[in-house]
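Take a look at the letters that make up each chain.
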Amino acid sequence: SLEKIFVQITSTNICDLVMSIVIMVVVFIVKELNDRYRAKLPVPIPIEVIMTIITCGVSYGFNFAERYNVQVVGKMVSGYESPIPPSIEVFQESAVEAFPVAIVGFAVAFSVAKVYSVKHDYPIDGNQELVAFGVSNIFGAAFRSFAASTALSRTAVQESSGGKTQIAGLISAMMAMIVTVALGFLLEPLPRSVLGALVIVNLKGMLMQFREIPYLWMRDRPECVVWVGTCLGAILLGLDLGLAFGLGVELLTVVFRAQFPRCSILANILGTDLYKDKKDYLQIFEPEGVKIFRIPSPIFFANIEFFRNKLIEAVGFNPLRVLQKRNKALKKIKKLLQKRDHDITEITTID
């Protein structure tokens, strides 16, 4: 019996593994083709939808759930719950847990929105995002839904599939509504490993950001420490504790930046009126006889010594020592002049 169980577990794992690898390879190749021939294709190839339909059909035809004991989506409940009024008892029992859930949910949502806003160059408003999540959760709570937040996998799938406007979100919501109301049974034979494979492939862009760590370390080391610390904290401690750990690291970096700010010497970019850090540009020159020193932090008792040392390093000499030597030289010259006046005798000339 143990041998049969081992063979069954092995066959199940092999089936899931092979199917996941095939799905990941096919989706990866098609998505690379979508990126390469983006200008020639009228719309990106919806490879995720195609592979979902194919695997559902293959799983249903070969009866993966019973023959190979492959974990599938299974029974899906159709329709929605009837609306209910707010319950004070539920609120009293869950108020303490709801607060960190809300903070973590908004932090994750805003972080994902910030990533894609930088990638596609458009502004976002944190207050608007917070109001939107609050209204959606109030409305969804009336239908006993889960707390709404950003689904990282769905966001990555939609972005990689070419969705750019609110129309894409509306279509996605309508498709989800249609599936949950009428077509959910068609996804029951879908293997769960296929879902995991699709999510991993669509997170390729997010996961490949690890390649930017050396560049970020060279550009801004405190930000690199915050990035790596928050990532490792979320992986090892969980999302809520990981975000708290990242916040603590960020606060430490704020103190560190205030005491040891990144000072710079500004120089002129050739052909422009712009003055930037000369370490960041090649075609740049400094005005002759002028040093433009920049410190991006307020000067106070904790960083005044650091500021003085950096300023001396930027100028190339210690002005205080120069002033001391100048005063000594003036005193010496004054003494020599006084001594000469005493040694001079009056000489009378007769015509």
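Residues numbered from 1 in each chain as written. Predicted model: local features only at pLDDT ≥ 70, side-chain atom pairs only at ≥ 80, totals over all residues. Heavy atoms only, no water.

The name an unreviewed UniProt entry gives the protein is STAS domain-containing protein, with Ameca splendens as the organism. Among the UniProt annotations of the protein, the heading Subcellular location (unreviewed entry) holds the following wording: "Membrane". (UniProt positions renumbered as here; feature names shortened; annotations may be inferred.)

Of regular secondary structure, the protein possesses 14 helices and four strands. Scaling as 2.2 N^0.38, a compact globule of 351 residues should have a C-alpha radius of gyration of about 20 Å, whereas the protein reaches 34 Å, well beyond that. In terms of principal-axis extent, the alpha carbons of the protein reach across some 135 × 55 × 50 Å. In the protein, which comprises 351 residues, the share counted as buried stands at 20%. Sequence-distant contacts, at least 24 apart, represent 61% of the contacts inside the protein between residues at least 6 apart. Within the structure as shown, the protein displays about 26300 Å² of accessible surface, and the carbon and sulfur contribution to it stands at 67%. Of the charged side chains in the protein, 36 are positive and 31 negative; the average position of the first set lies 9 Å away from that of the second. (Helix = DSSP H or I, 4+ residues; strand = E, 2+ residues; numbered from the N terminus. Rg over C-alpha atoms; globule rule 2.2 N^0.38 Å. Buried < 20%, exposed > 50% of the residue type's maximum accessible area, 1.4 Å probe, protein only. Contact = heavy atoms within 4.5 Å. Areas by Shrake-Rupley, 256 points an atom, 1.4 Å probe, with all protein chains shown as cover. Lys, Arg positive; Asp, Glu negative; His and termini not counted. Charge placed at Lys NZ, Arg CZ, Asp CG, Glu CD.)

Let us look at the nonpolar core. If you look at the biggest cluster of nonpolar residues, it comprises 15 residues, and the most contacted ones within it are M19, I23, V27 and V194. Breaking this core down by element, the ones donating at least two residues are α1 (2-36), α2 (47-62) and α8 (192-202). If you tally residues by element for this core, the top one is α1, at five residues. When sequence neighbours within four positions are dropped, the list of residues in contact with I23 reads M51, T55, V194, A197 and L198. Residues V108, Y116, A156 and L203 belong to the second largest nonpolar core, which totals six residues. (Core = buried A, V, L, I, M, F, W, Y, C linked by side-chain atoms within 4.5 Å.)

So, about the UniProt feature "transmembrane region" (unreviewed entry) in the protein. UniProt marks residues 6-29, 41-62, 98-118, 130-147, 167-187, 194-213 and 225-252 with the feature "transmembrane region" (unreviewed entry), using the numbering shown here. Taken as a whole, residues 98-118 contains 100% helix and 0% strand, while its terminal C-alpha atoms sit 30 Å from one another.

Burial analysis of strand β1 (residues 264-269) places six of its six residues in the buried class, the great majority of the element. Pairing analysis gives three bridges linking β1 to strand β2 (residues 275-277), with the strands arranged antiparallel. Following the sheet pairing, N268 is matched in β2 by Y275. Between β1 and β2, which pair antiparallel one after the other, the connecting turn spans five residues, and G271 there sits at a positive phi close to 85°. For β1 and strand β3 (residues 284-285), the ladder comprises two bridges, and the chain directions are antiparallel. Bridging from a neighbouring strand, N268 pairs with F285 of β3. (Pairing = 2+ DSSP bridges.)

The predicted model of the protein has a mean per-residue pLDDT of 78, with 90% of residues at 70 or higher. Scored below 50 in pLDDT, residues 1-11 shows one contact in the model against residues more than four places distant or in partner chains. In this model, residues 345-351 is a region of pLDDT below 50 whose contacts with residues beyond four sequence positions or in other chains number zero contacts. (pLDDT = per-residue confidence, 0-100.)

Take the environment of L337 next. Among the secondary structure elements, L337 is positioned in helix α14 (residues 319-343). As for L337 and Q92, which are separated by 245 residues in sequence, their C-alpha atoms are 91 Å apart.

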